[in-house]
Amino acid sequence: MERTVHLLRDIVDNAPLPIGVYTGPELKIELANLAMIRTWGKGSEVIGRTYIEVLPELLKQRIFDEALQVYTTGIAFHAKDRKVELVVDGQQQVFYFNYCFMPLLDPEGRIYGVMNTGMDITDLHMAKEKVQSSEEQLRMAIDASGMGTFEIDLSTQQIATSGNFRTIWNINDTITNEKIIARLHPDDIAVREKAHRDAEQTGVISYQARILNEDNSLRWTNISGKVIRDENGDPVKITGIIEDIGRQKAIEEQLRKEARDTTEELRRSNDDLQHFANLVSHDLREPVRKVKTFISRMRNEMQSEFNDRFEWYIGKIEHSAHRMQNVIEGILAYSTADKKKQPVERIDLNRVLEGIKTDLELVIQEKNAVFISSKLPEIEGARILIQQLFYNLVHNALKFSKAEVPPSVIISSSIIEDQQGNWAEISIEDNGIGLDNAYSERIFTAFERLHSKDQYEGSGLGLSLCRKIAERHGGTIKARGEKDAGSVFTVLLPLTQQSRTL
């Protein structure tokens, strides 16, 4: 018997759950295992003291009354997820317990004490509160967003919903797949079925569909969900959300309309520009050519009869006609630079430069210009455009030279590699009148001139055309310089083109 009692006491003392025994109406502590002593946090000297003496903070929480009522009535008391405030190690702390008070009876059936057991579920309670809080926040967010949620039990086909699901579908009674399909626009039923078939492989549902309202108006929706599988990999339910995207669709349609209107406006503008180019080409070039021709004939036939004043007038007319022709040619080149698709081919820039020097041979000889050029790379591009680009740059270097100083043009190149590919960087440096760096971007603006048209001829379109050609090839062009100390134009072009036409 003594061995049995000792065994039972060992079991109680080492039990992981708090256990205590209180006797008499004063509930004197007869037994408290180590788990109970640690829970109270009052030290180990508790045996022989009364329950309320050790835990006076329980008096206001009516826990002492619960234990005393069990002693008085013999009816057990159970509490679940009960908040209990204990003073542990001198500090008041909040706990949550599942606990009970059980009556203890002697052999004659009389109550002589109360057994108290408990389980600290504070961590479980706090985790549960966090989950509930998160769920409530999620519910509020869904309600505020206007979305609806759904969960389909694949075994029963029952659909649980929340948020604005019913409002979006305009279904007030029991929701079934049949009712949902009946609300869909006929053209979108196949879209839904395909999305569900795809989800069998991907586990994800995503599609857009139109809901038919009772007045036959349409409501655009976006449905997304996920297939949930059990431990065997079998699908057990589908959970997801639905949102009304009518406003988003309206904005998209408005943007598409604006894009169509803009495209049409650009087409009309381009047609007008092309018409203007044709006008320049056919209606203006010929009269200017005739003016120059007849001026030349007048000079040849009446040269002996011209006095100095008349010769000066004729020179002015001839100069103006020549300048008008330059402007016309510049406008025509600029307006048609990006109209016609040009084939992409391999271009040897050395041969391009030699061709330009041949074209400008008279100017080079007249000004005693000096060219210094390193070996240039091969690139891919539209030959006619690349020719125009470097012709304009070389011609500018000769045109904007200093009086009485022979032009010196240095052309150099290097290959640059970066994450976007390989590039040819070509620099054209001159010793001419230079430019103020404050105008290094302005000079690429169409019709922009930094010098008087009487000083330097031109249309004001040459450098604009250069930038347009460089950008059409996916490259860039920059300028820098110093007034009266020359300028440097740097062109950066990709070595290869992605498309076979530009």
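Not measured: the values here are computed from a predicted model. (Residues numbered from 1 in each chain as written. Predicted model: local features only at pLDDT ≥ 70, side-chain atom pairs only at ≥ 80, totals over all residues. Heavy atoms only, no water.)

Engineer: Sorry if this is basic, but what is going on with the nonpolar core here?
Structural biologist: One broad rule of soluble globular proteins: the nonpolar side chains tend to lie buried together. Grouped together as the largest cluster of nonpolar side chains are 41 residues, with contacts concentrated most on Leu-389, Phe-390, Leu-393 and Ile-411. The set of elements that each furnish at least two residues to this core consists of α11 (349–359), α13 (383–399), β14 (408–418), β15 (421–430), α14 (462–472), β16 (476–481) and β17 (487–494). When residues of this core are assigned to their parent elements, the largest contribution, 8 residues, is made by α13. The contacts of Leu-393, once residues within four sequence positions are left out, are Ile-428, Leu-463, Cys-466, Ile-477, Phe-489 and Val-491. By size, the runner-up hydrophobic cluster in this structure holds 26 residues, among which are Ile-37, Ala-79, Tyr-99 and Val-114. (Core = buried A, V, L, I, M, F, W, Y, C linked by side-chain atoms within 4.5 Å. Buried < 20%, exposed > 50% of the residue type's maximum accessible area, 1.4 Å probe, protein only. Helix = DSSP H or I, 4+ residues; strand = E, 2+ residues; numbered from the N terminus. Contact = heavy atoms within 4.5 Å.)

Engineer: Explain the environment of Phe-95 to me, please; I cannot follow it from the model alone.
Structural biologist: Relative to the elements of secondary structure, Phe-95 occurs in strand β4 (residues 91–105). Taking the C-alpha atoms as reference, Phe-95 lies 5.8 Å from Lys-83; in sequence the two are 12 residues apart. Contact partners of Phe-95, with chain neighbours within four places excluded, come to Arg-82, Lys-83, Val-84, Leu-86, Val-88, Asp-120 and Thr-122.

Engineer: Help me understand α11 in this model?
Structural biologist: Of all the positions in α11, only Leu-349, Val-352, Leu-353 and Ile-356 are classed as buried. One side of α11 carries all its buried residues, which in axial view fall inside an arc of 95°. Away from its buried face by more than 90 degrees, α11 exposes Arg-351 and Thr-358. Where α11 is buried, its residues contact β11 (345–348), β12 (370–373), β13 (378–381), α13, β14 and β15. (Arc of directions from axis to C-beta.)

Engineer: What should I look at first to understand the confidence of the model for the protein chain in this one?
Structural biologist: Interpretation of the predicted coordinates at a detailed level should be avoided for regions scoring low in pLDDT. Across the protein chain, the average pLDDT comes to 83, with 83% of residues at or above 70. Of all secondary-structure elements in the protein chain, the lowest mean pLDDT belongs to helix α1 (residues 2–14), at 65, while β17 reaches the highest, 95. Low confidence marks residues 448–456, where pLDDT is under 50. Its contacts with residues over four positions away, or in another chain, come to 18 contacts. (pLDDT = per-residue confidence, 0-100.)

Engineer: Help me out: how do you make sense of the pairing of strand β1 (residues 19–23) in this one?
Structural biologist: In summary, the side chains of a regular strand alternate between the two faces of the sheet. Summarising burial for β1: 5 of the 5 residues are buried, a large majority. Side chains Ile-19, Val-21 and Thr-23 project from β1 onto one buried face, and the interleaved Gly-20 and Tyr-22 project onto a second face that is buried too. Between the antiparallel neighbours β1 and strand β2 (residues 28–32) lie 4 residues, among them Gly-24 with a positive phi of about 70°. (Pairing = 2+ DSSP bridges.)

Engineer: Help me understand the packing of α11 against α13, please; the structure alone is not making it clear to me.
Structural biologist: For any two helices packed against each other, one specifies the inter-axial angle together with the distance between the axes. Relative orientation of the contacting elements α11 and α13 amounts to 55°, with a least axis distance of 10 Å. Between α11 and α13, the interaxial angle falls into the category oblique. Where α11 crosses over α13, the handedness of that crossing is right-handed. Facing α11, whose interface residues are Leu-349, Val-352, Leu-353, Ile-356 and Asp-359, α13 presents Ile-386, Gln-387, Phe-390, Tyr-391 and Val-394. (Axes fitted to C-alpha atoms, helices over the stretch in contact; angles between N-to-C directions. Parallel < 35°, antiparallel > 145°, perpendicular 65-115°, else oblique. Left-handed = near helix turned anticlockwise from the far one by under 90°.)

Engineer: How should the environment of Gly-481 be read in this particular structure?
Structural biologist: Structurally, the position occupied by Gly-481 is in strand β16. Residues Gly-481 and Glu-429, 52 residues apart in the sequence, show an inter-C-alpha distance of 9.2 Å.

Engineer: Please explain the packing of aromatic side chains as it appears in this structure.
Structural biologist: The geometry of an aromatic ring pair is captured by the separation of the ring centres together with the interplanar angle, meaning the angle of the planes. Scanning all chains against the criterion turns up 11 aromatic pairs. Ring plane angle 55° and centroid distance 5.9 Å describe the contact between Phe-150 and Phe-165, whose orientation is recorded as tilted. In this pair, Phe-150 sits in strand β6 (residues 148–153) while Phe-165 sits in helix α6 (residues 165–169), placing the two residues 15 residues apart along the sequence. In terms of burial, Phe-150 and Phe-165 fall into one category: buried. Three or more aromatic residues joined by ring pairs make a cluster, and in this case those are Tyr-22, Trp-40, Tyr-51, Phe-64, Phe-77, Tyr-99 and Phe-101. The cationic tip of Lys-249 hangs over the ring face of Trp-220; the distance from NZ or CZ to the ring centre is 4.4 Å. Over the ring of Phe-444 we find Arg-467; its NZ or CZ atom is 4.3 Å from the centre of that ring. (Phe/Tyr/Trp six-rings, centres within 6.5 Å; stacked < 30°, edge-to-face > 60°. Lys NZ or Arg CZ within 6 Å of the ring centre and 35° of its normal.)

Engineer: Mind showing me how you'd approach the sheet that holds strand β10 (residues 235–244) here?
Structural biologist: Sheet strands pair by backbone hydrogen bonding; their relative direction is either parallel or antiparallel. Read across the open sheet, the 5 strands follow the order β7-β6-β10-β9-β8; overall the sheet is antiparallel. Both edges of this open sheet fall to β7 (159–163) and β8 (204–212), since each of them pairs with a single strand only. For this sheet the average axis-to-axis angle between neighbouring strands, irrespective of direction, equals 20°. Along the sheet face, helix α8 (residues 186–202) touches β8, β9 (218–229) and β10 and points at about 165° away from the line of β8.

Engineer: Is there a simple way to think about α8 in this case?
Structural biologist: In an α-helix there are 3.6 residues to a turn, and that puts residues three or four apart on one side. Here α8 spans 25 Å end to end across 17 residues, near enough to the 24 Å set by a 1.5 Å rise per residue. Of the residues making up α8, those classed as buried are Asp-188, Arg-192, Ala-195 and Ala-199. Down the axis of α8, the buried set is contained in an arc of 60°. They therefore lie on one face. Residues of α8 that are exposed and point more than 90 degrees away from the buried face comprise Pro-186, Asp-187, Glu-200 and Gln-201. Residues of α8 that are buried sit in contact with α7 (177–183), β8 and β9. At the exit of α8 stands Gly-203, carrying a positive phi of roughly 80°. (Expected span 1.5 Å × (residues − 1).)

Engineer: Looking at this structure, I do not really get a nonpolar patch on the surface. What am I missing?
Structural biologist: A grouping of Val-370, Ile-372 and Ile-410 is seen on the molecular surface, where their side chains present a nonpolar patch of about 230 Å² in accessible area. Here Val-370 lies in strand β12. (Patch = residues over 30% accessible without salt bridge, like charges linked within 9 Å, V, L, I, M, F, W, Y side chains within 5 Å. Areas by Shrake-Rupley, 256 points an atom, 1.4 Å probe, with all protein chains shown as cover. Salt bridge = Lys/Arg side-chain N within 4 Å of Asp/Glu carboxyl O.)

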